[in-house]
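Residue-level structure breakdown
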Amino acid sequence: MNYNNLYKKNFKRKFGQVFLKDVNVIKDIINLICPKTNQTIVEIGPGTGAITKKLVNLVKYLFLIEIDIDLATKLTNKLSHNNINIICQNVINTNFFILSRQTNQKLRLFGNLPYNNCISIIFHILKYVSVIHDMHFMLQKELADRIIATPHSKEYGKLSIIMQYYYNIIPLITVSPTSFYPIPKVYSTVIKFIPRTYKVNINLDKLILILNLAFNQRRKKIRNSLKKLFSAKDLVKYNINPSLRADEITIDQYYYLTNKINI
Ligand code: SAM
């Protein structure tokens, strides 16, 4: 098959379309997801169906959410199984509570996410973490590195701290640019996200407020960057050294501080 012709016809840059053509990577992704017949699988951005078509016979409930009407129509013609529900919409408008209610199950999400708006998609899904069983997403390696980063690294920041609050995160495989058409400039990583079963109850708006103050001036000591919220004395009382900088504060310390904000 001439992949270049197949994908050239379908390619729309505005939707971050980069199509997977490497059959070994597709096989690896299916093996990593390891779908069971009765589970509810949701693919975000099935595109030309490169991964999807390997899944259709494996599961009973399959939802496909695709923004591009041309691709969604082609998929409808190509995949005529009655277990498939193709939803042509922006995933940012998808209510995952409704999908979960339809099969009375938690959802297993996966997708080779569009590079241009991965973060908004991941943030949208945060609202639905209670109905998510797990998620396997292919992301730009640079973004994946930020999500899994730990303190004292330059990648560590708001995204790491927020995502690690909601999920246990496991990086699985790195994928070369040559596995896609068109060939992107960057490597990709497939990551597994498993919602945390325990809940340190924090208010996300408050966490974001602290993280914005701390990381917008990440080289400042927190006694200065967080002074609107905490005095140096408060920080000492909470066992946090006020002379540390944003990237030296652990994730648990940020959660702890979030619960101490009085606003
Ligand atoms: N899954 C296919 C593959 O691996 O070859 C395509 C992956 S491509 C990186 C991203 C796909 O997501 C495209 O099909 C694109 O049209 C779709 N997409 C982009 N933005 C979207 C959005 N906001 N909601 C739903 N689908 C979207």
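Residues numbered from 1 in each chain as written. Predicted model: local features only at pLDDT ≥ 70, side-chain atom pairs only at ≥ 80, totals over all residues. Heavy atoms only, no water.

1. Some remarks on the overall build of the chain
Scanning the chain from terminus to terminus reveals 11 helices and 9 strands. Overall size of the chain, expressed as C-alpha extent along the three principal axes, is 65 × 40 × 30 Å. Counting the 263 residues in the chain, one finds 48% classified as buried. In the chain, the proportion of contacts linking residues at least 24 apart, taken out of those at least 6 apart, comes to 64%. Just so you have it, the chain exposes about 13200 Å², and 51% of that area is on carbon and sulfur atoms. (Helix = DSSP H or I, 4+ residues; strand = E, 2+ residues; numbered from the N terminus. Buried < 20%, exposed > 50% of the residue type's maximum accessible area, 1.4 Å probe, protein only. Contact = heavy atoms within 4.5 Å. Areas by Shrake-Rupley, 256 points an atom, 1.4 Å probe, with all protein chains shown as cover.)

2. Brief notes about the domain arrangement of the chain
Here the chain is partitioned into domain 1 (3-195) and domain 2 (204-258). Inter-centroid distance (C-alpha atoms) of domain 1 to domain 2 is 33 Å. Counting each side, the surface lost to burial between domain 1 and domain 2 is near 1200 Å², with a carbon and sulfur contribution of 68%. Considering only the surface of domain 1 that becomes buried against domain 2, Tyr156, Lys158 and Ile161 emerge as the three largest contributors, covering 48% of it. (Domains from an automatic or database assignment. Buried area = accessible area lost by both parts, 1.4 Å probe.)

3. Focus: the sheet that holds strand 2 (residues 40-44)
The 7 strands lie next to each other as 4-3-2-5-6-9-7, forming an open sheet whose pairing is mixed. For this open sheet the edge positions go to strand 4 (84-87) and strand 7 (167-175), each flanked by a neighbour on one side alone. Between one strand axis and the next, the sheet turns by 15° as a mean value, whatever way the strands run. Alignment of strand 3 (residues 61-65) against strand 4, held across 4 bridges, turns out to be parallel. Within the sheet, the bridge partner assigned to Ile65 lies in strand 4 and is Ile87. Where helix 6 (residues 141-148) meets the sheet, its contacts fall on strand 6 (132-140), strand 7 and strand 9 (188-195), and the angle it forms with strand 6 comes to roughly 135°. Its contacts with the sheet place helix 7 (residues 158-166) against strand 7 and strand 9, and it is angled at close to 115° to strand 7. (Pairing = 2+ DSSP bridges. Axes fitted to C-alpha atoms, helices over the stretch in contact; angles between N-to-C directions.)

4. Here's the deal with the pattern of salt bridges
Using the criterion set out here, one finds 6 salt bridges in the structure. Between Lys141 and Asp145 there is a salt bridge, and its shortest N-O distance comes to 2.8 Å. With a gap of 4 residues between them, Lys141 and Asp145 both fall in helix 6, about one helical turn apart. Arg218 is paired through a salt bridge with Asp247; the nearest N and O atoms lie 3.8 Å apart. Pair noted here: Arg218 is in the loop between helix 8 (204-216) and helix 9 (222-225) and Asp247 is in the loop between helix 10 (232-237) and helix 11 (251-258), with a separation of 29 residues, a long-range link. The class of Arg218 is partly exposed, set by a relative accessible area of 25%. Looking at Asp247, the relative accessible area reads 12%, which means it is buried. Salt bridges linked by common partners bring Arg108, Asp134 and Lys192 together as one network. (Salt bridge = Lys/Arg side-chain N within 4 Å of Asp/Glu carboxyl O.)

5. Some thoughts on the packing of helix 8 against helix 11
At a closest axis distance of 9 Å, the pairing of helix 8 and helix 11 adopts a crossing angle of 120°. In terms of orientation, helix 8 and helix 11 fall into the oblique class. Note that helix 8 runs across helix 11; the crossing there is right-handed. Every residue of helix 11 that contacts helix 8 at Lys206, Leu207, Ile210, Leu211, Ala214 and Phe215 is listed here: Tyr254, Tyr255, Leu257 and Thr258. (Parallel < 35°, antiparallel > 145°, perpendicular 65-115°, else oblique. Left-handed = near helix turned anticlockwise from the far one by under 90°.)

6. Some points on helix 4 (residues 96-103)
Looking only at helix 4, the buried set comprises Phe96, Leu99, Ser100 and Thr103. In an axial view of helix 4, the angular spread of the buried residues amounts to 95°, which keeps them on one side of the axis. Buried-residue contacts for helix 4 involve strand 2, strand 3, strand 4, strand 5 (107-112) and helix 5 (118-126). A distance of 2.8 Å separates the backbone nitrogen of Phe97 from a side-chain oxygen at the start of helix 4, and that oxygen is part of Asn95. (Arc of directions from axis to C-beta. Polar contact = N/O pair within 3.5 Å; in protein donor to acceptor, adjacent residues only side chain to side chain.)

7. A word on the site of the ligand
In the vicinity of the ligand there are 23 residues, among which Gln17, Leu20, Gly45, Glu66 and Asn90 approach most closely. One of the side-chain nitrogen or oxygen atoms of Gln17 is found 2.8 Å away from an oxygen atom of the ligand. Contact distances for the ligand include 3.4 Å between a nitrogen atom and a backbone N or O atom of Pro46. In isolation the ligand has 590 Å² of accessible area, and contact with the protein removes 99% of it. (Near = heavy atom within 4 Å.)

8. A closer look at the packing of aromatic side chains
A full pass over the atoms with the stated rule returns 11 aromatic pairs. For the ring pair Phe137 and Phe193, a centre distance of 5.9 Å and an interplane angle of 55° mean the geometry is tilted. In this pair, Phe137 sits in strand 6 while Phe193 sits in strand 9, placing the two residues 56 residues apart along the sequence. We classify Phe193 as buried; its relative accessible area is 0%. Aromatic pair Tyr166 and Tyr167: ring centres 6.5 Å apart, planes at 50°, arrangement tilted. Side by side, Tyr166 and Tyr167 carry an identical accessibility label, which is buried. Ring pairing ties together the aromatic residues Phe137, Tyr165, Tyr166, Tyr167, Phe193 and Tyr255, which thus form one cluster. (Phe/Tyr/Trp six-rings, centres within 6.5 Å; stacked < 30°, edge-to-face > 60°.)

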